[in-house]
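A structural walkthrough
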Amino acid sequence: RHGKPALLGLRFWPWWIRGRISLYFVLFAMIPTLVVISCTLFGLLLAAIEGWPALAGVKYLLASSVVLANPLTALQPTSLGGDLWDLAIGGFNFLVVTCAVGLVTQMNLITIIGEEMPPTHGGFFRFLFVYTPTLIVVASIP
């Protein structure tokens, strides 16, 4: 039996293997790469706004994005523009991390639901408007 190639494995592999491969790839490769890229790009702009050396802005955003106890640089934004930019980038990096983790944890569930969904319009609407809201309500009961 030959499986179709998928992003991080073959589709005939069990879902728990594909899920773990996807999770580890996103957690240890994609998220750190996205955070470093965004901190580098936006840190250069923060350094320009504050009049810092270029690397200082990158170090400051990296330390604040990963919430280091000991910062990589002693510099702090002093202008209103620098403070606002720092808040915006911190929120953006938090959003990137939480969205990526959320997507990875839901990928297998969505794949399973998609395989079980009937190929008719009625089946689609039943899943969308009956089963999914019911599952959400049941899952939210303490």
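Higher on the page you've got the structure.
Quick word on the overall build of the protein
Scanning the protein from terminus to terminus reveals four helices and two strands. Taken from N to C terminus, the helices and strands of the protein fall in the order β-β-α-α-α-α. Here the protein holds 142 residues, and 22% of them are scored as buried. Put simply, 43% of the contacts in the protein that link residues at least 6 apart link residues at least 24 apart. Here the protein displays about 10000 Å² of accessible surface, and carbon together with sulfur accounts for 74% of that area.

Section: helix α2 (residues 54-65)
In this model, α2 (twelve residues) spans 17 Å end to end at C-alpha, consistent with the 16 Å of a helix rising 1.5 Å per residue. Ala56, Gly57, Val58, Tyr60, Leu61 and Ala63 are the residues of α2 that are buried.

Remarks on the packing of aromatic side chains
If you walk through the whole model with that rule in mind, you get seven aromatic pairs. Between the aromatic rings of Phe42 and Phe92, the centroid separation amounts to 5.8 Å while the plane-to-plane angle is 85°, which identifies the pairing as edge-to-face. Separated by 50 residues along the polypeptide, Phe42 in helix α1 (residues 15-50) and Phe92 in helix α3 (residues 80-116) bring together distant segments of the chain. Put simply, the rings of Phe42, Trp85 and Phe92 touch in pairs and so form one group of aromatic residues.

Considerations on the nonpolar core
Ranked by size, the top nonpolar core spans eleven residues in total: Val26, Ile31, Val35, Cys39, Leu46, Ala47, Trp52, Ala56, Tyr60, Leu61 and Ile89. Elements that contribute at least two residues to this core include exactly α1 and α2. A total of six residues in this core trace back to one element, the largest contributor, which is α1. Other than its neighbours up to four places away in sequence, Ile89 contacts Phe42 and Leu61.

A short note on a nonpolar patch on the surface
A contiguous nonpolar patch, built from Phe124, Phe125, Leu128, Phe129, Val130 and Tyr131 and spanning about 580 Å² of accessible area, is present on the exposed surface. The residue Phe129 is located in helix α4 (residues 121-140) in this model. Under the relative-accessibility criterion, Phe129 is labelled exposed at 54%.

Each value, and the rule that gives it
Every chain begins its residue count from 1, and numbering advances along the sequence as written. Only residues with pLDDT of 70 or above have their local features reported here, since the model is predicted, and side-chain atom pairs are shown and tallied only from 80 upward, although totals for entire chains, interfaces and linings are computed over all residues. For side-chain calculations, the full set of non-hydrogen atoms in the structure is used, while hydrogens and water are omitted. Secondary structure is summarised from DSSP: a helix means a run of H or I of at least four residues, a strand means a run of E of at least two, and numbering begins at the N terminus for each. Remark: exposure states derive from per-residue accessible area (1.4 Å probe, protein chains only) relative to the maximum for the residue type, with buried under 20%, exposed over 50%, and partly exposed in between. Residues are treated as being in contact if the distance between any of their heavy atoms lies within 4.5 Å. The accessible surface values rely on the Shrake-Rupley method and a 1.4 Å probe; as for residues, cover is taken only from the protein chains in view. Working rule for helices: expected span equals 1.5 Å times residues minus one. We call Phe, Tyr and Trp rings a pair once their centres come within 6.5 Å, taking the six-membered ring for Trp, and we label the pair stacked below 30 degrees between planes, edge-to-face above 60, and tilted otherwise. Nonpolar cores are built from buried Ala, Val, Leu, Ile, Met, Phe, Trp, Tyr and Cys residues. Side-chain atoms within 4.5 Å join them into one set. A residue counts toward a patch only above 30% relative accessible area and without a salt bridge, and it is joined to like-charged neighbours within 9 Å or, for Val, Leu, Ile, Met, Phe, Trp and Tyr, to nonpolar neighbours within 5 Å. Salt bridge, as used here, is a side-chain nitrogen of Lys or Arg placed within 4 Å of a carboxyl oxygen of Asp or Glu.

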